[in-house]
Amino acid sequence: TGGGLVDHARDVTYTVVAPRSHPVGQLSTSESYSKLHEAVAAALQEIGLAAILAPGCDAWDDAACFRKAVKFDVLIDGKKVAGAAQRRTRHGFLQQGSILLPTPEQSAALNPALRALLPPAFAKTLPCRLEPSALTEEETSLATELEETRYGAEEWNRER
């Protein structure tokens, strides 16, 4: 995605996908990034966290995603808590994002609420109606196979 290193041990991840003809696909990269992060910030605010969008990019560079904010990332107390990456093709739009709650205690307590609040926040903030979907049987089977043969395998995870 964005190239930064992300430890997914205590985060909430999301993906938004739309065909190019969809209103989300018609927004510029900057517009869609800011709109999606407005929704993330709204969901965080609803669970009591003072989330805001970063007004610009941090002046330093860091390989760890959550140590360097770019414009429209989500901040709490000046620290980045949400970032994302987009991919656009002639077929459509995809944004994958990660939301890291500030402490492990907050993460354990608030993750279920945040997961429930994100879809309606996206629907309210974006100029469209969102339709959450479940994985197909084929997708579930492929995910299970990949988990067992690749992503859950110690050799694959330590190879890099």
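Just so we're clear, the structure is a prediction, and the values are computed from it rather than from any experiment.

Undergrad: It is not clear to me how the sheet that holds strand β1 (residues 11-19) should be interpreted in this structure. Could you clarify?
TA: Hydrogen bonds between backbone groups are what pair the strands of a sheet, and the pairing can be parallel or antiparallel. Pairing in this open sheet of five strands is antiparallel, and the strands run β1-β5-β4-β3-β2 from one edge to the other. The sheet is open, and its two edges are formed by β1 and β2 (51-53), each paired on a single side. The sheet shows a mean angle of 20 degrees between the axes of neighbouring strands, direction not considered. In terms of strand pairing, strand β3 (residues 74-76) meets strand β4 (residues 79-88) through three bridges, oriented antiparallel. Bridge pairing links L75 to K80 in β4. Strands β1, β2, β3, β4 and β5 (92-100) of the sheet are contacted by helix α2 (residues 29-46), whose axis makes an angle of about 140 degrees with β4.

Undergrad: Help me out: how do you make sense of the packing of aromatic side chains in this one?
TA: The relative placement of two aromatic rings is captured by the distance of their centres and the angle of their planes. Scanning the entire structure with this criterion turns up one aromatic pair. Centroid distance Y14 to F122: 5.2 Å. Interplanar angle 55 degrees. Geometry classified as tilted. Of this pair, Y14 sits in strand β1 while F122 sits in helix α3 (residues 104-125); the two residues are 108 residues apart in sequence, bridging distant segments of the chain. For Y14, a relative accessible area of 7% puts it in the buried group. Using a relative accessible area of 6% as the deciding quantity, one classes F122 as buried.

Undergrad: How do you make sense of the side chain of D73 when you look at a structure like this?
TA: Along the polypeptide, D73 turns up in the loop between β2 and β3. When its relative accessible area of 0% is taken as the criterion, D73 is described as buried. Polar side-chain contacts of D73 include one of 3.0 Å to the side chain of K80. Ignoring sequence-local partners within four residues, the contact set of D73 consists of Y33, H37, I52, L53, A54, K68, K80, A82, G83 and A84.

Undergrad: Quick question: what am I supposed to make of the packing of α2 against α3 here?
TA: To characterise two packed helices, one gives the angle between the axes of the helices and the distance between these axes. Contact geometry of α2 with α3 gives a least axis separation of 8 Å together with a crossing angle of 135 degrees. When the interaxial angle is binned, α2 and α3 end up oblique. The crossing of α2 and α3 is right-handed. Within the contact between the two elements, α2 uses K35, L36, E38, A39, V40, A43, L44 and E46 and α3 uses L114, L117, L118, A121, F122 and T125. Class assignment for the residues of the contact of α2 with α3 results in ten nonpolar, one polar and three charged.

Undergrad: Just to check I follow, could you spell out the pairing of β4 for this structure?
TA: Side chains on a regular strand alternate between the two faces of the sheet. In textbook terms, the turn of a hairpin is the stretch between consecutive antiparallel strands, and for β3 and β4 this stretch comprises two residues, one of which, D77, has a positive phi near 50 degrees. Here β4 runs beside β5; their pairing, made up of seven bridges, is antiparallel. Its bridge partner being in β5, R88 is matched across the sheet by F93.

Undergrad: When you look at the environment of I99 in this model, what are you seeing that I'm missing?
TA: Locating I99 in the fold gives a position in strand β5. Distance from I99 to A82, taken between C-alpha atoms, is 4.3 Å for residues 17 residues apart in sequence. Once residues lying within four places of it in the same chain are set aside, the contact partners of I99 are D11, V12, Y14, V40, L44, V81, A82, L114 and L118.

Undergrad: Where do I start with the pattern of salt bridges in this structure?
TA: If the charged atoms of two oppositely charged side chains come close together, the side chains can form a pair. On inspection of all chains with the given rule, the structure shows one salt bridge. For K80, the salt bridge goes to D73, with nearest N and O atoms at 3.0 Å. Summarising the burial analysis for this pair, K80 and D73 share the class buried.

Rules of the game
Residues numbered from 1 in each chain as written. Predicted model: local features only at pLDDT ≥ 70, side-chain atom pairs only at ≥ 80, totals over all residues. Heavy atoms only, no water. Pairing = 2+ DSSP bridges. Helix = DSSP H or I, 4+ residues; strand = E, 2+ residues; numbered from the N terminus. Axes fitted to C-alpha atoms, helices over the stretch in contact; angles between N-to-C directions. Contact = heavy atoms within 4.5 Å. Phe/Tyr/Trp six-rings, centres within 6.5 Å; stacked < 30°, edge-to-face > 60°. Buried < 20%, exposed > 50% of the residue type's maximum accessible area, 1.4 Å probe, protein only. Polar contact = N/O pair within 3.5 Å; in protein donor to acceptor, adjacent residues only side chain to side chain. Parallel < 35°, antiparallel > 145°, perpendicular 65-115°, else oblique. Left-handed = near helix turned anticlockwise from the far one by under 90°. Nonpolar A, V, L, I, M, F, W, Y, C, P; charged D, E, K, R; others polar. Salt bridge = Lys/Arg side-chain N within 4 Å of Asp/Glu carboxyl O.

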